[in-house]
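# Fold and contact review
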Number of protein chains: 2
Amino acid sequence: MTKPIHITQNCQPLTTTQFKRYTHQNRMLVAVDCIIFGFDGTHLKLLLIKRGFEPQKGRWSLMGGFVTAEENIHQAAARILKQLTGLTDIYLQQLAAFGDPHRDPTERTVSVAYFSLIDINQYEEQISHDYSAEWFPLKKLPSLIFDHKEMIEMAKEKLRYKAAFHPVLFELLPEKFTIPQLQTLYEDVYNKILDKGNFSRKILSTGLLIRQKDKEKNGSKKGAFYYKLDKRKYQLKFNSFLNFIPNPEVQVK
Amino acid sequence: MTKPIHITQNCQPLTTTQFKRYTHQNRMLVAVDCIIFGFDGTHLKLLLIKRGFEPQKGRWSLMGGFVTAEENIHQAAARILKQLTGLTDIYLQQLAAFGDPHRDPTERTVSVAYFSLIDINQYEEQISHDYSAEWFPLKKLPSLIFDHKEMIEMAKEKLRYKAAFHPVLFELLPEKFTIPQLQTLYEDVYNKILDKGNFSRKILSTGLLIRQKDKEKNGSKKGAFYYKLDKRKYQLKFNSFLNFIPNPEVQVK
DNA sequence: TCAAAAGTGTTGTCCTTACACCCATGT
DNA sequence: ACATGGGTGTAAGGACAACACTTTTGA
């Protein structure tokens, strides 16, 4: 069995006056992997693809790709996200860099994981076929390649942590939504039943929501008012501490 | 002026049966940079080095280094931290990956920033000479190379965010410390005067501290009791939400 | 004895929780 | 009419900020 060779070390370093390169250093691939969250009205889900190329062809995986020479890492993540979902201007946040020497057995690759929250209704069905993509409930994830499981675990923790204080979960909902829908989302994220009265007051007290004239009538006879985010206040208050969850017991490293 | 050439792309990819490498991809350097916090009893400080090599020789910089072929990123950060401080088993947390294509004009380098909290008294004076290292108060930082300023800003935010809920600032203090010393630390981190009565009660109510028999007598005539961390409870409660700061208004992206 | 910092007591306010209750409406 | 979920009222309890007060001791 041949060991992979670090080809870059065989290359002669350039040494022009202006642009010395660092010599004797090990160059490696840098990738991004996207943890894409969606909410179908009942459960939080992840969008995974069936890997169409070697190695590990046919196994489930996060959507990922290599960072190119011209782009920064965030741009790479946005590009990858668009490739799979067709969406731009999406909530997209860096999670962490994963760099175990053998995480990808093919070749040393450092992967920067990003997590994103999308409105599952906006997602283009079409594209999912090209990538054999599928939404999986968080509790029923398939076996995944490399360290993707670990990435997802970290993303879940981070989401819970963030959502306990910041109104980030709105990113998962359509433009118009009801408070009971929002509550279901929180309940699924924290796996915890919340008191509807207290929840509704807490959410409304943030002043982030604007009540609409119409109601959603599928969930109940009475119907629940639709709300929209007040985009301006949302931007403004995003970083303040809003304490959405009573006694959060999120564990984060 | 010659443009830097992406040498790796000129290399022929290996294609043995067992170990295909990814073809046509751009390989790059991966570095770590360490944001090292210390507390001198009055102010929070950062340990910076005067860069001893080109490019930008002689300018101030975070301590950093390249990730080698055999180690993971965290190990690289721990190695770099030990190189400069002589310390191991230090609080060391990944902050974020920085990957602007031109952040290091020499050559495309992705840097993973780590931040660490050390007891400034444990720091070995000796080593600082080899690296021309110096402690700078956060409010009087010198001009720094590359994007190091941005890394530091992010680290400050992260530290404030984390310390508002988790007892992480203890990492900056010696084994024995007094509550007024701890309060000074919090006050410097949040640039905010705290009520001593409320602060002391809040800290003690966590149950993390064990009172010692002896007192520190320099700060006052009466003297303040020394405390030690209850290591077991510290581990146990580290991730729960303890709310150290009234109305935190930390801004984090 | 007095100044200065450590530490304790006390009180009013605000927030939260738990849960009872009312509301609207499709069947 | 009644079941069902949406939404409001409310009282008890707890947490917390503000600040007055007591303690200790070196000079």
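Just so it is clear, the model here is predicted, and its values are computed rather than measured.

### So, the overall build of chain A
Counting secondary structure elements, chain A contains six helices and ten strands. Considering only contacts within chain A whose residues lie at least 6 apart along the sequence, 67% involve residues at least 24 apart. Just so you have it, chain A exposes about 12,600 Å², and 50% of that area is on carbon and sulfur atoms.

### Overview of the nonpolar core
One finds I35(A), F37(A), I35(B) and F37(B) to be the most contacted residues of the largest nonpolar core, which totals 102 residues. With eight residues, the top contributor of residues to this core is helix α3 (residues 148–165) of chain B. Of all hydrophobic cores here, the second largest spans 52 residues; its members include C34(A), I36(A), L84(A) and I73(B).

### Points about the pattern of salt bridges
Residue and element names in this part refer to chain A. This structure, assessed with the given rule, holds 20 salt bridges over all chains. For E71, the salt bridge identified is with R79, shortest N-O distance 2.6 Å. R79 sits in the partly exposed class, given a relative accessible area of 30%. Taking the shortest distance from any N to any O, the salt bridge between D188 and K139 comes out at 3.5 Å.

### Re the packing of aromatic side chains
Under the counting rule described, the total for this entry stands at 26 aromatic pairs over all chains. Judged by centre distance (6.1 Å) and plane angle (90°), the rings of F37(B) and F115(B) are edge-to-face. Of the two residues, F37(B) is situated in strand β1 (residues 27–39) and F115(B) in strand β6 (residues 109–117); the sequence distance between them amounts to 78 residues. As far as burial versus exposure is concerned, F37(B) and F115(B) are alike and both buried. The structure contains a cluster of three or more aromatic residues connected by ring pairs, namely F37(A), Y91(A), F115(A), F170(A), F177(A), Y234(A) and F238(A). In this structure, K176(A) is placed above the aromatic ring of Y226(A), and the distance from its NZ or CZ to the ring centre is 4.6 Å.

### Structural notes on helix α4 (residues 179–190) of chain B
Residues and elements named next belong to chain B. An ideal rise of 1.5 Å per residue puts 16 Å on twelve residues; α4 measures up with 16 Å between its terminal C-alpha atoms. Listing the buried residues of α4 in full gives I179, L182, Q183, L185, Y186, E187, D188, V189 and Y190. Immediately beyond the C-terminal end of α4, within one or two residues, lies N191, with a positive phi of roughly 50°.

### Digging into the confidence of the model for chain A
Averaged over all residues, the pLDDT of chain A equals 87, while 89% of them reach at least 70. Confidence drops under a pLDDT of 50 for residues 248–253 of chain A, and excluding neighbours within four residues, the segment shows 15 contacts in the predicted structure.

### Overview of the packing of helix α4 (residues 179–190) of chain A against helix α5 (residues 196–205) of chain A
All names here are of chain A. The geometry of α4 relative to α5 is characterised by a closest axis approach of 10 Å and an angle of 105° between their N-to-C directions. The angle between α4 and α5 falls in the class roughly perpendicular. Contacts between α4 and α5 involve I179, L182, Q183 and Y186 from the former and K196, F199, S200, I203 and L204 from the latter. Of the residues in the contact of α4 with α5, the class split is six nonpolar, two polar and one charged.

### Examining the environment of I73(A)
The topology assignment puts I73(A) in helix α1 (residues 73–85). A C-alpha to C-alpha distance of 8.7 Å links I73(A) and V30(A), two positions 43 residues apart in sequence. When residues no more than four places from it in sequence are discounted, the contact partners of I73(A) are V32(A), V67(A), V112(A), Y114(A), A97(B), F98(B), G99(B) and V110(B).

### Observations regarding the sheet that holds strand β10 (residues 224–229) of chain A
All names here are of chain A. Spatially, the three strands line up as an open sheet ordered β8-β10-β9, and their pairing is antiparallel. The strands lining the two open edges of the sheet, one partner per strand, are β8 (177–178) and β9 (209–216). Looking at chain direction, β9 and β10 are connected through five bridges and run antiparallel. In the strand pairing of β10, E216 is matched with A224.

### Examining the packing of α3(B) against α4(B)
Residue and element names in this part refer to chain B. It is the contact of α3 with α4, at a shortest axis distance of 10 Å, that shows an interaxial angle of 135°. Taken together, α3 and α4 sit at an angle that is classed as oblique. Seen along the crossing, α3 lies across α4 with a hand that is left-handed. Each of L159, R160, A163 and A164 in α3 lies in contact with α4, whose residues at this interface are Y186, V189 and Y190. Its residues assigned to classes, the contact of α3 with α4 shows six nonpolar, no polar and one charged.

Reading guide: rules and limits
Residues numbered from 1 in each chain as written. Chains lettered and ligands numbered in written order. Predicted model: local features only at pLDDT ≥ 70, side-chain atom pairs only at ≥ 80, totals over all residues. Heavy atoms only, no water. Helix = DSSP H or I, 4+ residues; strand = E, 2+ residues; numbered from the N terminus. Contact = heavy atoms within 4.5 Å. Areas by Shrake-Rupley, 256 points an atom, 1.4 Å probe, with all protein chains shown as cover. Core = buried A, V, L, I, M, F, W, Y, C linked by side-chain atoms within 4.5 Å. Buried < 20%, exposed > 50% of the residue type's maximum accessible area, 1.4 Å probe, protein only. Salt bridge = Lys/Arg side-chain N within 4 Å of Asp/Glu carboxyl O. Phe/Tyr/Trp six-rings, centres within 6.5 Å; stacked < 30°, edge-to-face > 60°. Lys NZ or Arg CZ within 6 Å of the ring centre and 35° of its normal. Expected span 1.5 Å × (residues − 1). pLDDT = per-residue confidence, 0-100. Axes fitted to C-alpha atoms, helices over the stretch in contact; angles between N-to-C directions. Parallel < 35°, antiparallel > 145°, perpendicular 65-115°, else oblique. Nonpolar A, V, L, I, M, F, W, Y, C, P; charged D, E, K, R; others polar. Pairing = 2+ DSSP bridges. Left-handed = near helix turned anticlockwise from the far one by under 90°.

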